[in-house]
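If you want the building blocks of each chain, they are given just below.
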Protein chains: 2
Amino acid sequence: MAVASHRLLVDIHTHVYLPRYAAFLRARSNAPRIFTRENAEGKTEERLLILDGEPSGGRPMGPQFWDKVEKLNFMERHGIDISVVSSANPWLDFLPASTAHQLASELNNDLEEYCSSSPSAAGGELKQLYGFGLLPLVPEVTTSSLLDTVRQISALPHLKGIIMGSRGLGKGLDDDALESVWAAIQKARLVVFLHPHYGVDGKEWGDKENGHVLPLALGFPFETTIAITRLILSGVLDRYPDLRILLAHSGGALPQLSSRLASCIDHDPVVASRLKHDARYYLGKLYFDAVAYGSEELGFVSDVIGRSDKFVKSGSSAGASKGTGAATRRLGSRRMLFGTDHPFFPPLGGAEKWKSVVENLEAIDGVHGWDEVDKDGVRGTNALSLFGLRS
Amino acid sequence: MAVASHRLLVDIHTHVYLPRYAAFLRARSNAPRIFTRENAEGKTEERLLILDGEPSGGRPMGPQFWDKVEKLNFMERHGIDISVVSSANPWLDFLPASTAHQLASELNNDLEEYCSSSPSAAGGELKQLYGFGLLPLVPEVTTSSLLDTVRQISALPHLKGIIMGSRGLGKGLDDDALESVWAAIQKARLVVFLHPHYGVDGKEWGDKENGHVLPLALGFPFETTIAITRLILSGVLDRYPDLRILLAHSGGALPQLSSRLASCIDHDPVVASRLKHDARYYLGKLYFDAVAYGSEELGFVSDVIGRSDKFVKSGSSAGASKGTGAATRRLGSRRMLFGTDHPFFPPLGGAEKWKSVVENLEAIDGVHGWDEVDKDGVRGTNALSLFGLRS
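Residues numbered from 1 in each chain as written. Chains lettered and ligands numbered in written order. Predicted model: local features only at pLDDT ≥ 70, side-chain atom pairs only at ≥ 80, totals over all residues. Heavy atoms only, no water.

Trainee: Give me the lowdown on the overall build of chain A, citing residues and values where you can.
Mentor: Of regular secondary structure, chain A possesses 12 helices and 13 strands. Relative to the globule expectation of 21 Å for 391 residues, the C-alpha radius of gyration of chain A, 20 Å, shows essentially globular dimensions. Expressed along its principal axes, the backbone C-alpha trace of chain A runs to roughly 65 × 50 × 45 Å. For chain A, with 391 residues in total, the buried portion stands at 63%. Taking contacts inside chain A between residues at least 6 apart in sequence as the whole, the part at least 24 apart equals 74%. Counting every atom, chain A has about 13,500 Å² of accessible surface; 51% of that belongs to carbon and sulfur. Across chain A, the centroid of the 42 positively charged side chains sits 5 Å from that of the 47 negatively charged ones. (Helix = DSSP H or I, 4+ residues; strand = E, 2+ residues; numbered from the N terminus. Rg over C-alpha atoms; globule rule 2.2 N^0.38 Å. Buried < 20%, exposed > 50% of the residue type's maximum accessible area, 1.4 Å probe, protein only. Contact = heavy atoms within 4.5 Å. Areas by Shrake-Rupley, 256 points an atom, 1.4 Å probe, with all protein chains shown as cover. Lys, Arg positive; Asp, Glu negative; His and termini not counted. Charge placed at Lys NZ, Arg CZ, Asp CG, Glu CD.)

Trainee: Describe the relation of the copies chain A and chain B, with residues and values.
Mentor: After a rotation of 180° and a shift along the axis of 0.0 Å, chain A superposes on chain B with an RMSD of 0.0 Å. When the rotation and shift are considered jointly, the pair of chain copies conforms to a two-fold rotation axis. Comparing interface residues between copies, 100% of those in chain A also sit at the interface in chain B, which points to an isologous, same-surface contact. (Least-squares fit on C-alpha atoms with pLDDT ≥ 70 in both.)

Trainee: Help me get a handle on the side chain of T229(B), residues and values and all.
Mentor: Positionally, T229(B) belongs in helix α6 (residues 213-233). Only 2.6 Å separates the side chain of T229(B) from the backbone oxygen of T225(B), close enough to count as a polar contact. In contact with T229(B), other than residues within four places in its own chain, are L214(A), L218(A), L254(B) and L261(B). (Polar contact = N/O pair within 3.5 Å; in protein donor to acceptor, adjacent residues only side chain to side chain.)

Trainee: Could you give an account of the pattern of salt bridges, naming the residues involved and the relevant values?
Mentor: With the rule as written, the count across this model stands at 52 salt bridges over all chains. One salt bridge connects E106(B) with R20(B), and the closest N-O pair in it is separated by 3.5 Å. Taken together, the residues E106(B) in helix α3 (residues 97-116) and R20(B) in helix α1 (residues 19-26) connect sequence positions 86 residues apart. On the basis of relative accessible area, E106(B) is assigned to the partly exposed category, the value being 25%. On the basis of relative accessibility, which here comes to 36%, the residue R20(B) falls in the partly exposed class. R20(B) is the salt-bridge partner of D110(B), the closest N and O atoms lying 2.6 Å from each other. Of this pair, D110(B) sits in helix α3 while R20(B) sits in helix α1; the two residues are 90 residues apart in sequence, bridging distant segments of the chain. Using a relative accessible area of 21% as the deciding quantity, one classes D110(B) as partly exposed. Look at the salt bridges and you will find they share partners, linking D201(A), K203(A), E204(A), D201(B), K203(B) and E204(B) into a network. (Salt bridge = Lys/Arg side-chain N within 4 Å of Asp/Glu carboxyl O.)

Trainee: Quick one: what's the story with the packing of helix α8 (residues 254-266) of chain A against α6(B), residue by residue and with numbers?
Mentor: Remark: α8(A) packs on α6(B), axes separated minimally by 8 Å, with the N-to-C direction vectors making an angle of 150°. Handedness of the crossing formed by α8(A) with α6(B): right-handed. Taking contact as the criterion, the partners of L257(A), R260(A), L261(A), C264(A) and I265(A) in α8(A) are, on α6(B), V213(B), L216(B), A217(B), L218(B), F220(B), P221(B) and F222(B). In the contact of α8(A) with α6(B), the residues fall into 11 nonpolar, no polar and one charged. (Axes fitted to C-alpha atoms, helices over the stretch in contact; angles between N-to-C directions. Left-handed = near helix turned anticlockwise from the far one by under 90°. Nonpolar A, V, L, I, M, F, W, Y, C, P; charged D, E, K, R; others polar.)

Trainee: Give me the lowdown on the pairing of strand β10 (residues 191-194) of chain A, citing residues and values where you can.
Mentor: Every other side chain in a regular strand lies on the same face of the sheet, so the side chains alternate between the two faces. Residues and elements named next belong to chain A. Across the two faces of β10 the burial is the same, with V191 and F193 and V192 and L194 all buried. In this structure, strand β9 (residues 159-164) lies alongside β10, joined through four bridges in parallel fashion. Residue pairing across strands places I162 opposite V192, the latter belonging to β10. For the crossover from β9 across helix α5 (residues 179-188) to β10, the handedness is right-handed. (Pairing = 2+ DSSP bridges. Right-handed = clockwise from strand over helix to strand, strands pointing away.)

Trainee: Provide a residue-level description of the environment of K208(A), including the pertinent values.
Mentor: Mapped onto the elements of the fold, K208(A) is located in the loop between β10 and α6 (213-233). Contacts of K208(A), omitting those with residues within four sequence positions, involve D174(B) and D176(B). Separated by 3.0 Å, the side chain of K208(A) and the backbone oxygen of D174(B) make a polar contact. Among the polar contacts listed, one links the side chain of K208(A) to the side chain of D176(B), at a separation of 2.7 Å.

Trainee: Please provide a residue-by-residue account of the packing of aromatic side chains, values included.
Mentor: One pass over the full model with this rule turns up 20 aromatic pairs over all chains. Through pairs of rings, three or more aromatic residues link up here, namely Y17(A), Y21(A), F65(A) and F344(A). Lying over the aromatic face of Y114(B), K68(B) brings its terminal NZ or CZ to 5.9 Å of the ring centre. Directly above the aromatic system of Y287(B) lies the positively charged group of R335(B), at a separation of 4.5 Å from the ring centroid. (Phe/Tyr/Trp six-rings, centres within 6.5 Å; stacked < 30°, edge-to-face > 60°. Lys NZ or Arg CZ within 6 Å of the ring centre and 35° of its normal.)

Trainee: So, the pairing of strand β5 (residues 82-87) of chain A: which residues are in play, and what are the values?
Mentor: All names here are of chain A. For β5, the tally of buried residues reaches six of six residues, placing the bulk of the element in the interior. Residues of β5 alternate between two faces, with I82, V84 and S86 on one and S83, V85 and S87 on the opposite face, all of them buried. Sheet topology places strand β1 (residues 10-16) next to β5; five bridges connect them, and they run parallel. Bridge pairing links T14 to V85 in β5. Both β5 and strand β8 (residues 129-134) contribute to a ladder of four bridges, which runs parallel. Bridged to S83 within β8 is L129.

Trainee: Break down the confidence of the model for chain A for me, citing the residues and quoting the values.
Mentor: All names here are of chain A. Per-chain confidence: chain A averages 93 in pLDDT, with 95% of residues scoring 70 or above. Overall, residues 1-6 carries pLDDT values under 50, and its contacts beyond four positions in sequence, including any with other chains, amount to 15 contacts. Confidence over residues 318-323 falls short of pLDDT 50; this stretch has 13 contacts with residues more than four positions distant or in other chains. (pLDDT = per-residue confidence, 0-100.)

Trainee: Can you break down the interface of chain A and chain B residue by residue, with the values?
Mentor: Contact residues are listed per partner, giving 83 residues for chain A and 83 residues for chain B. A combined buried area of about 6,900 Å² lies between chain A and chain B, and 57% of that area is made up of carbon and sulfur atoms. When the area that chain A buries against chain B is broken down by residue, the three leading residues are Q256(A), R260(A) and E296(A), summing to 12%. Here chain A is connected to chain B by 12 salt bridges. The partner of K355(A) in a salt bridge is D266(B), and the shortest N-O contact between them spans 2.3 Å. For the pair chain A and chain B, the interface holds 31 residue pairs in polar contact (both at pLDDT 80 or more). Those elements that provide at least two residues to the side of chain A that touches chain B are α6, α8, α9 (295-306) and α11 (355-365) of chain A. Counting residues per element, the side of chain A that touches chain B draws most heavily on α6(A), which supplies 13 residues. (Buried area = accessible area lost by both parts, 1.4 Å probe.)

The structure is reproduced here in structure tokens:
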């Protein structure tokens, strides 16, 4: 039986703290950690603190962060057929190399079990849960540890990619030491889900009390933007053109700053002739989640993906002034994929459906110039293709 | 005689280091400074170093940075009728309060002279040059110094606004100490041109040699985005709804992150009920230069401006899913204004016309959904209105 793929809703941005990882965080006395405190009503609550000095003493934490049944209930409530689940930040970033390698391996096996034991979807041909594995990307880890783990992940049938922060081995993702890792990931056809954790330096947020708003709304997308821009500038996308990188939060600010980036490259003698293509070309090689909360944002992201072919050669600016046709916008939608960011952004009230999810679905539905096929693509078909989930 | 305003090209993002300021920088031994060195061909050259540790030892500097004739020649070569000139960063940020106040006053008078002595434009009714003045926004300056300078600027007939960095009195623009300054600026109907200088912490750029690309392409727009977001969160735009703020570089990343910002505010108990409106509403109260180098970027900025009225009440999300009609995009164009960023981004070769200027003009011309009236608006008519340059 053919999969009725156009009807499937697939969530590719959804996180878990696997029980083994949550237990690990509970045993820690500094961030990242899970700790217990008495709340205002005198009840004991668990809180998650992922950064030192995090505003509001971290955030409340419950079983939706680790319990598979909660994930499946959330999916059912929102009509999500399949989730491609990733460990939530900060992953293994804070661990010494030896611990990181072992824990990565254990968590990858845990996630495979979490997915393979999930109910069937799509008439029995697929599972409800698939996953992104973890690499032990920490300072002083050996290349062979990283390559071993790439091999482990690619051999686990329900893991379809790797979630990755921006630190690499401590020097970012433009580190030459990662060269063979990119090669191995490209060869294994694993999708890299590039996700932020650190934001930018907290002093940028000033002294005013604004809760988590500034680091989450701005810091997160800035970090992703910096990481992918450094990767582009390092030539990784020239050397590994088949690498499949999925950017969290619709690429952060990369779409809006990509023409400025191209201009700054063109005007800088240090960089001007380094890359094979105009910077805007590379946006058409990337994938973007649709976690942007607005139709205009999604339409714009599809514009910058769709226009990328005009920039196939370095220095070509002839196409830049042609404007966006409907075909360009539709084309761009094929690299965009629905996500929820669950279990983050729970509603402040006790709503049945999460506002954050409803908004992202409404945003897809409202994009000017996307037809139903494009919207079904963003809601699910594109994910089935990207992750090889067709029967 | 009526001004043929639809034919005028007005550049509202164009900088000068006035001779008095350049002389001041030459006398300094640390950044910001102008220094002399021998270049590779054995010739003496002046270089501008605006930040400590700036990549590539700063940048070459010539008379285009201070000479009015060079500005007028640049304008003529690119068909620019009128420029609204602002001092370039870092303004007075590095000075003690007493020096800053006096130098601000002198530079404002210098800029008035620079503008008032410029040739006529538009059939004699206007000048070719207008200006943004400077406030002595430095730590420990008195409120009365700031208010005096607002009065000085508003009394100088060719100064139409104030260029402002993001530091304020050292604690950012969301500092309560600036409350009466906003009130005075609103009352004087001066346009605030919010412009970056610092970017974000340089450690974000990593170890690789990428020239000025990362701080300019990403750091600058991030800084602007942070500054205006903090201003929105502080309620300044609720308390001073007639304040006219023009954002450099098309608002940086604010347009693309504004729905995420609204969502993060809605989901954060600290901030959720603070503002009068959904965050996206405020984008329709702002002005954006058109220095984004791409048609898709400009079209998107006009979308987010045009949609702002849907978000007039806090918590209204009903309009968010309706998509962007052509009328919305056209509406947004009215708050967008052509700029060049001269004398920055000179062509690496010796081209007659600057690529950075041509690209920004082509970008305006190529916006899908803007008609010629909209484009003329962005090229000049909007600026004439905003700065009160109609006869």
